[in-house]
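# Working through the structure, step by step
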Amino acid sequence: QVQLVESGGGLVQAGGSLKLSCVASGRTFSTYAMGWFRQAPGKEREFVAVIRWSGEYADSVKGRFTISRDNAKNTVYLQMNSLKPEDTAVYYCAASNRIVAGTSEARYDAWGQGTQVTVSS
């Protein structure tokens, strides 16, 4: 099973940018759909973005976040621009071997440990 390790989180002011990375183990990375989820304090984990060949986004991040992947490096990225305090959360990378990964956590088979993103106002 693929193993995932996120990095790139941190503290940033509102309006700033961060780029998250997620490196996957294994030689079948290109066959997985890769997603990003986030969980804010006291809230359920929620879908942010997913990519197989092109990206799909939650409405709350559309136009501000960009998901991309580099199959040669077994890495998926989340470029986050125009960050808002409400983007503060632990961000998780996830992998799905389903044809259609979708937005449900249940359709993802492997998860990273998470990276904290804090946006100050």
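Located above this text is the structure these notes cover.
About the cut-offs
Throughout, residues of each chain are indexed from 1 in the direction in which the sequence is written. Residue-level local features of this predicted model are given only where pLDDT is at least 70; pairs of side-chain atoms are given and counted only at 80 or more, and the full residue set underlies all totals for whole chains, interfaces and linings. Side-chain descriptors were evaluated using all non-hydrogen atoms of the structure, hydrogens and water having been removed beforehand. Numbering goes from the N terminus for both helices and strands, where a helix is a DSSP run of H or I of at least four residues and a strand is a run of E of at least two. Polar contact is defined as a pair of N or O atoms within 3.5 Å, subject to the rule that within protein one atom must be able to donate a hydrogen and the other to accept it, and that residues adjacent in sequence are counted only when both atoms are side-chain atoms. Here, residues are in contact when the closest pair of their heavy atoms is within 4.5 Å. In this description, a disulfide is simply a cysteine sulfur pair whose atoms lie within 2.5 Å. Buried residues are those whose accessible area, probed at 1.4 Å on protein chains only, stays under 20% of the maximum for their type, while exposed residues exceed 50% and partly exposed ones sit between those limits. By convention a nonpolar core is built from buried Ala, Val, Leu, Ile, Met, Phe, Trp, Tyr and Cys residues, the set being connected through side-chain atoms within 4.5 Å. Salt bridge, as used here, is a side-chain nitrogen of Lys or Arg placed within 4 Å of a carboxyl oxygen of Asp or Glu.

### Quick word on the side chain of Asp87
- Position of Asp87 relative to the elements: it lies in the loop between β8 (75-80) and β9 (89-96).
- Separated by 2.8 Å, the side chain of Asp87 and the backbone nitrogen of Lys84 make a polar contact.
- If near-sequence neighbours (up to four positions away) are discounted, Asp87 is found in contact with Arg38, Arg64, Phe65, Ser82, Val117 and Val119.

### Examining the state of the cysteines
- The final tally for this structure, using the stated rule, is one disulfide.
- What pairs with Cys22 in a disulfide is Cys93, and their sulfur atoms sit 2.1 Å apart. Its torsion about the S-S bond being -75 degrees, the disulfide of Cys22 and Cys93 is classed as left-handed. Placement of Cys22 in strand β3 (residues 18-24) and of Cys93 in strand β9 is noted, with a sequence separation of 71 residues between them. In this structure, Cys22 and Cys93 share a single accessibility class: buried.

### Considerations on the nonpolar core
- If you look at the biggest cluster of nonpolar residues, it comprises 37 residues, and the most contacted ones within it are Leu4, Met34, Trp36, Val76, Leu78, Met80 and Tyr91.
- Mapped onto this core, the elements with two or more residues apiece are β3, β4 (33-39), β5 (46-51), β7 (65-70), β8, β9 and β11 (115-120).

### Description of the pattern of salt bridges
- Enumeration according to the criterion identifies six salt bridges in this entry.
- A salt bridge links Arg45 to Glu105, with the shortest nitrogen-to-oxygen separation between them at 2.9 Å. With Arg45 in the loop between β4 and β5 and Glu105 in the loop between β9 and β10 (110-111), this residue pair connects regions lying 60 residues apart in the sequence.
- Residue class for Arg45 comes out partly exposed when judged on its relative accessible area of 25%.
- In this structure Glu105 comes out as partly exposed when scored by relative accessible area, which is 32%.
- Arg64 is paired through a salt bridge with Asp87; the nearest N and O atoms lie 2.7 Å apart. Note that Arg64 is positioned in the loop between β6 (55-57) and β7 and Asp87 in the loop between β8 and β9, a separation of 23 residues in sequence. An identical accessibility class is assigned to Arg64 and Asp87; each is buried.

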